[in-house]
Each structure stands twice: as structure tokens, then as C-alpha cells.
Amino acid sequence: MLDTLFRGLFDTALTTAITPGAFVLCVGVSLLIGLLLCAMTLWRSNCTRSFAVTLAILPAVVCVVILMVNGNVGTGVAVAGAFNLVRFRSAPGSAREIGAIFVAMGTVLMAGMGYLAYALLFALILGAAIMLYTALRLGGGSRSARFRTLHITIPEDLDYAGVFDPVLESYTTQYSLTQVKTTNMGSLFKLTYDLTLKASAQEKGLIDALRLRNGNLEISLCHQDTTAATL
């Protein structure tokens with residue numbers, strides 16, 4: 001009965017069969033690898049929860065894509081085109097949103113190739129894994145709640161080197177200037193800092209202190225889970 005249920009609708013005598021046991025084993029090992037990679041990435045580094053969950057499930061998505069392609073050149077080209085379309089034509093979103101799109105693509109790939117039972121099984125396994133990781137707040141330690149991305153827009157004549165360091169040292173445990181770019185036809189500089197607040201309630205105090213130091217500023221302070229991410 002299981003052999004019939006888990007056979008592809010378009011299988012032929014030349015098609016290599018995928019057994020349910022082998023499928024579950026491959027997906028399970030891929031999820032374990034994803035967790036190991038996630039743990040190594042989180043070690044002594046700042047990482048958002050959405051990125052951690054996506055990193056933990058992405059190996060399983062790639063695994064089932066390879067299982068389905070299985071040496072079929074035509075299917076491989078079609079899959080590459082579909083994922084490139086998602087990668088380059090979708091609006092920027094959080095890592096979790098993009099990961100969810102990849103999970104959906106992998107599930108529909110199996111359904112389109114006729115492996116309906118495998119598509120349903122994969123959707124159940126990945127859905128359970130995502131819900132479990134979210135419930136366990138994977139990558140969401142006490143420090144992650146204080147991660148912020150700070151954007152400051154300043155006039156071009158303001159020497160930004162070290163000018164905000166005294167304020168940032170007072171309100172953060174660590175900070176780094178990650179990007180400087182010009183805007184408004186080069187008349188303004190936009191500075192981007194990644195930082196960890198000493199306390200989540202200090203957001204307003206940090207903004208007020210920055211404005212007090214130089215009133216001609218445009219300031220944006222974002223939770224890192226809500227910033228745009230590209231995989």
C-alpha cells in the first residue's frame with residue numbers, strides 16, 4: 001500500500017524509486033545539519049531569529065530538490081529558473097519570508113513531478129520544524145531582543161568620524177559602523193550602525209541623545225528582524 005501511495009504519477013520503469021524511509025532519513029539528516037550550521041553561525045555573533053530559522057530549514061529544502069531532480073537535466077534547468085525567478089524578482093523581505101517561499105517552491109516541485117504523498121509529507125515535516133523552532137525562539141536569546149540597526153542621515157559637511165561614539169558608548173554594549181553612502185544627489189551622508197542596546201527601553205533615550213548632540217539629523221532605529229534581507 002505504501003509503495004503505491006509514494007510512487008510518482010509519472011514514474012516509468014527507468015525511473016529511480018525513492019523509498020519513504022530514505023526520504024525521511026535524508027530530510028531528517030538535513031534538518032540536523034541545518035541546526036548544526038545554525039549553532040555554529042550563532043556562536044559569538046549577532047543573528048536575527050528569522051535568519052536562524054531559515055538557516056536551520058534551508059538544507060532540507062535543497063535536499064528534496066536534489067532528490068527530485070536526481071540527474072534529470074531538464075528538471076534541473078526548470079528548477080534553477082524557478083528559484084532564480086523567486087530570488088531576483090520578488091520584493092525584499094525578511095529571511096523567514098524568503099525561506100517560506102523556498103519551502104513552498106520545494107513542495108510544489110514534488111507535487112508537479114507527481115510525488116503527491118512526498119509533497120504532503122515534506123510540507124508536514126517542514127511545517128512542524130518551523131513551528132518548533134519558532135516556539136523555542138531559535139536564535140532569540142536575551143541579547144537578540146536588544147539588537148538594532150541605526151540609520152542616521154547627516155549633512156555632507158559634518159565630519160561623522162567618531163562624532164556619535166560618546167552617545168553610542170553610553171547606550172550600547174557594542175556597535176559598529178557597517179555602511180556609509182551618499183544620498184540626495186550627494187548632499188547627504190547615510191550612516192548605518194549595527195548595535196546592541198544596554199536595555200530595550202533605551203531606544204528613545206538614544207534617539208534624543210543623538211538629536212541633542214546635533215539637531216540636524218534624520219534618525220531611524222529598526223529591530224533587526226524587520227530589516228530587509230537577501231539570501
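Residues numbered from 1 in each chain as written. Predicted model: local features only at pLDDT ≥ 70, side-chain atom pairs only at ≥ 80, totals over all residues. Heavy atoms only, no water.

Participant: It is not clear to me how the sheet that holds strand β4 (residues 218-223) should be interpreted in this structure. Could you clarify?
Facilitator: Sheets are built from strands that pair by backbone hydrogen bonding, the pairs being arranged parallel or antiparallel. Reading across the sheet, the 4 strands line up as β2-β3-β1-β4 and stay open at both edges, with antiparallel pairing between neighbours. Each end of this open sheet is capped by a strand with a single partner; those strands are β2 (172-183) and β4. In this sheet, adjacent strand axes meet at a mean angle of 20° when their direction is disregarded. Taken strand by strand, helix α8 (residues 203-213) contacts β1 (147-155), β3 (188-197) and β4, and its axis lies near 160° from that of β4. (Pairing = 2+ DSSP bridges. Helix = DSSP H or I, 4+ residues; strand = E, 2+ residues; numbered from the N terminus. Axes fitted to C-alpha atoms, helices over the stretch in contact; angles between N-to-C directions. Contact = heavy atoms within 4.5 Å.)

Participant: Looking at this structure, how should I read a nonpolar patch on the surface?
Facilitator: Taken together, the side chains of Leu-25, Val-29, Leu-32, Ile-33, Leu-36, Leu-37 and Met-40 define a hydrophobic patch exposed on the protein surface, amounting to about 660 Å² of accessible area. In this structure, Leu-36 sits in helix α2 (residues 20-42). (Patch = residues over 30% accessible without salt bridge, like charges linked within 9 Å, V, L, I, M, F, W, Y side chains within 5 Å. Areas by Shrake-Rupley, 256 points an atom, 1.4 Å probe, with all protein chains shown as cover. Salt bridge = Lys/Arg side-chain N within 4 Å of Asp/Glu carboxyl O.)

Participant: What exactly am I supposed to notice about the pattern of salt bridges here?
Facilitator: Using the criterion set out here, one finds 2 salt bridges in the structure. Note that Arg-148 is salt-bridged to Glu-203, the shortest N-O span being 2.5 Å. With Arg-148 in strand β1 and Glu-203 in helix α8, this pair connects stretches of sequence that are 55 residues apart. Note that Asp-208 and Lys-204 form a salt bridge whose closest N and O atoms lie 2.7 Å from each other. Of this pair, Asp-208 and Lys-204 both sit in helix α8, 4 residues apart, which is roughly one turn of the helix. Residue Asp-208 is classed as partly exposed on the basis of its relative accessible area, which comes to 38%. (Buried < 20%, exposed > 50% of the residue type's maximum accessible area, 1.4 Å probe, protein only.)

Participant: Please clarify how α2 should be interpreted in this entry.
Facilitator: Every α-helix carries 3.6 residues per turn, so stepping three or four residues along brings you back to the same face. Its 23 residues give α2 an end-to-end C-alpha distance of 33 Å, which sits within 8% of 33 Å, the value for a rise of 1.5 Å per residue. Within α2, burial applies to Phe-23, Val-27, Ser-30, Leu-31, Gly-34 and Cys-38. Next to the buried residues of α2 lie α3 (49-69), α5 (95-112) and α6 (116-135). Positive backbone phi, at 55°, marks Arg-44, one or two positions downstream of α2. (Expected span 1.5 Å × (residues − 1).)

Participant: Help me out: how do you make sense of the nonpolar core in this one?
Facilitator: The nonpolar side chains of a soluble globular protein tend to be buried, and buried together. Counting 29 residues, the largest nonpolar core has Phe-23, Val-27, Met-110, Phe-122 and Leu-126 as its most contacted members. With 9 residues, the single largest contributor to this core is α3. When near neighbours in sequence (up to four residues on either side) are disregarded, Leu-126 contacts Val-27, Leu-31, Ile-57, Ala-60 and Val-103. Listed in part, the 17 residues of the second largest apolar core include Ile-152, Ile-154, Leu-158 and Phe-164. (Core = buried A, V, L, I, M, F, W, Y, C linked by side-chain atoms within 4.5 Å.)

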